Each structure stands twice: as C-alpha cells, then as structure tokens.
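Chain and residue survey
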Amino acid sequence: MANQPLPLSQETLAQFNRSMSTEPGTSGPPRRRLGSISTRRSSKDQSKDQPHHRPLFLRSMTIPSSESSFLSPTVSNSHISMGKRFSFAGWHQGGRVSFSGLYLQQPIQEVYVENTYRTGPEPGCHFSASRTQQILQATLDSYLKGVCYSPDSCSQLCQMLADLVLSKLKDVNPPRYKVVCQVVVGQSGKQGIRVASRSLMNPNTDNYTSAVFQNHSLFAVALVHGLYFE
Amino acid sequence: MEEYHSGDEVSFSPDDASNVVKECIEGIVGGVDYSQNKVNQWTASIVEHTLTQLVKQGKPFKYIVNCAVMQKSGAGLHTANSCYWDTTTDGSCTVRWENRTMYCVVSVFAVAIAL
C-alpha cells in the first residue's frame, strides 16, 4: 500500500486477499459485512463508517464513471461487483485477465500466407548445376590446397567443409529449394574407391552436381543436390 | 495399388530405411571380396535396389541414395553431410557395413514433397 500503486486489478486483489486472510475460511463474512453496512446506510453514507472497507468502494469510485455507476447501487451485488471489477480491470488495460488477476498470454496468432498459385519455380530461378559446380570446385580447391591427411583432424575438416559449402550455397540458392550436401574425404593410398549416387527426383525442377579434389595425401568428393519444394 | 498418404504429414523413419539398406547391401556384396572390375556394378546395384525398395513404401518423399565402396588398405575415410531442409519432415540415415576386404557406406536422404 505504501509502495507505488499497482495496477488496479492487483490492488483490488491484494485488498481482497487481505480481507480474506483476516476472516479465515469462508469468503462469506466480509461480503456479508459489506452487505450489511450498505443496507444499514444509504449509499451516500457509505464513506463514513468502516474505513477498513472503504478503500474497496473508493477504488470503485476511481474507476471511470460509467463503471462506478454500474457498481455503486446495491450491496447484494457487492461480491458480484468484485468479480466484475476484475473483468473491468482486464478491459481497462487491454489484456486478458484470469480470475486470479494474472494476465493470460495472448494466443499465438497463426499467420496465413496468401496463395501464390505457383506450382513450379519461376523461370530463371531453377537450381543452376553449372554455377553450383563452380562454387563447389572453388571451395574445395581453396580449402584443401596443401592440407595433409590426419586421422584426428580430418573428421572435423570434413564436417566443416560440408557446412561451409552449404552456407555458400544458401546465398545463391533460389527460393523454394532444399539443398542436400555430402562430402567424402579420404586418405590417398593405394586403395580403390567408388562413390555412386542415385536419386528419385523431378528432372524438370531438381538437379545435382559434384566436384572432386585430390592432392598427394588426401582426396575429397563433394555432392550437392538441389530439390524443389512448394 | 500403392497407398498414398494424404492429409497427415509423414516424417521420415531412419530405422525402416536402415533396415532396407542393410538387406540390400547384404544381398549384393554379402560374401564377396573387393574386386576392381566389379565395384562399378556393385555400387550401381546397391543404389538402385535401395532406391527401388524405398519407393515401394509409397511415402511422399524424394530420395537421394549415396554409396561409397572402399577397399580395406589401412587408409582412412570420412564422410559428412549438411542439409538445408525442413527438419520436421525430412531426414537422413547412414549405414556403415564392412567385411574382410572392403568398407561400404550408404547414405539415404529423404526430402518431403507437398501433396
């Protein structure tokens, strides 16, 4: 009470709780007492007696006139007016208030996107295999030039390359395309290796590309697929 | 007739896919040794069979199947992948298989399509 004034609903809640705590158990008595006061006195004399309960009514007076006129009439509505006060407070502050006076979270509003009526990629916005291949080859060459194979670091190098290629492709990626990128790095030895890929996709909209790099100690193969998604 | 899944969004099940892949690998290079002449044929068969089996499931996905077969000679091999997609509906699965003379690594990527 001595502190800066809380929003109305919390003040009234605090008052209500205090009055509740002084009268343990039922919530009937305080209301009845209020009720009894106002039946004994006329509405004009309400402010004179029972200063303990005055604040509640005074609070109601401070609400804009339209609401106070609603609340002032009779007693028997006093406990109802308590409930109404909360709801008015809710309206008053533009948010939704639960019965305990706490604010409810605003419901997350679903975003409805307008229908674009587009069933395929725009002309000129297809996944460009040649441009992607150039980017891929340039990335591999610049990153792996002079690098020696080492079992400890090459697994991280491999993952880093995949992420790097993906981030570069995201910049040039046409909209509505998903990208899958795979990188294989191995030690250059006397072994043979064969990497094959087959995919089920729409040849009109989707494409793939690959690049190979080799030096004295390691080899790398990068595969990128671009898939159209509505 | 194949079933079409309409309405609900189906998400990729990596376990189903890995079982399919293992069966395909076992069937093709199950008990044989690495051979330079035949490796082309093996990799082509593995990817083709795997893709066919996956498509038979009738789910609304585009698939990418990659297979790497490498001779065992003490050299190291690493694979990594990075994907830009919808993580709720799309997924991948990688199966590593080996025998006495070779390693086989098969990766399956499934990208959902809108129905």
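Residues numbered from 1 in each chain as written. Chains lettered and ligands numbered in written order. Predicted model: local features only at pLDDT ≥ 70, side-chain atom pairs only at ≥ 80, totals over all residues. Heavy atoms only, no water.

Going by the annotation in an unreviewed UniProt entry, the name recorded for chain B is Dynein light chain Tctex-type 1, with Carassius auratus given as the source organism. In its Sequence similarities (unreviewed entry) section, the UniProt record describing chain B reads: "Belongs to the dynein light chain Tctex-type family." (UniProt positions renumbered as here; feature names shortened; annotations may be inferred.)

Named according to an unreviewed UniProt entry, chain A is Tctex1 domain-containing protein 1-B-like originating from Carassius auratus.

Quick look at the overall build of chain A now. For chain A, the helix and strand inventory stands at seven helices and four strands. Listed by position from the N terminus, the elements making up chain A come as α-α-α-α-α-α-α-β-β-β-β. The proportion of buried residues among the 230 residues of chain A is 37%. When contacts within chain A are restricted to residue pairs at least 6 apart in sequence, long-range pairs at least 24 apart make up 66% of them. Working note: accessible area of chain A is about 14,000 Å², and carbon and sulfur atoms make up 54% of it. (Helix = DSSP H or I, 4+ residues; strand = E, 2+ residues; numbered from the N terminus. Buried < 20%, exposed > 50% of the residue type's maximum accessible area, 1.4 Å probe, protein only. Contact = heavy atoms within 4.5 Å. Areas by Shrake-Rupley, 256 points an atom, 1.4 Å probe, with all protein chains shown as cover.)

Residues and elements named next belong to chain A. On average, chain A scores 70 in pLDDT, and the residues at 70 or more come to 57%. Confidence, expressed as mean pLDDT per element, reaches its minimum in chain A at helix α2 (residues 28-40) with 43 and its maximum at strand β3 (residues 207-214) with 92. Low confidence marks residues 25-93, where pLDDT is under 50. Its contacts with residues over four positions away, or in another chain, come to 61 contacts. (pLDDT = per-residue confidence, 0-100.)

What follows concerns the interface of chain A and chain B. Taken residue by residue, the interface counts 44 residues in chain A and 41 residues in chain B. Buried area between chain A and chain B, both sides added, is near 3,400 Å², and the carbon and sulfur share of it is 57%. Considering only the surface of chain A that becomes buried against chain B, Arg194, Arg198 and Leu200 of chain A emerge as the three largest contributors, covering 22% of it. The interface formed by chain A and chain B contains three salt bridges. (Buried area = accessible area lost by both parts, 1.4 Å probe. Salt bridge = Lys/Arg side-chain N within 4 Å of Asp/Glu carboxyl O.)

Taken as a whole and judged by the stated rule, the model has five aromatic pairs over all chains. Between the aromatic rings of Phe12 of chain B and Phe61 of chain B, the centroid separation amounts to 6.0 Å while the plane-to-plane angle is 80°, which identifies the pairing as edge-to-face. Placement of the pair is Phe12 of chain B in the segment before α1 (14-29) and Phe61 of chain B in strand β1 (residues 61-71), with a sequence separation of 49 residues. No difference in accessibility class separates Phe12 of chain B from Phe61 of chain B, as the two residues are buried. A network of ring pairs unites the aromatic residues Phe127, Tyr177 and Tyr228 of chain A as a single cluster. When the ring centre of Phe229 of chain A is taken as reference, the NZ or CZ atom of Lys178 of chain A above it lies at 3.9 Å. (Phe/Tyr/Trp six-rings, centres within 6.5 Å; stacked < 30°, edge-to-face > 60°. Lys NZ or Arg CZ within 6 Å of the ring centre and 35° of its normal.)

Turning our attention to the confidence of the model for chain B. On average, residues of chain B carry a pLDDT of 86, and 91% of them reach 70 or more. Model confidence for the complex is summarised by a pTM of 0.62, with the ipTM given as 0.79.

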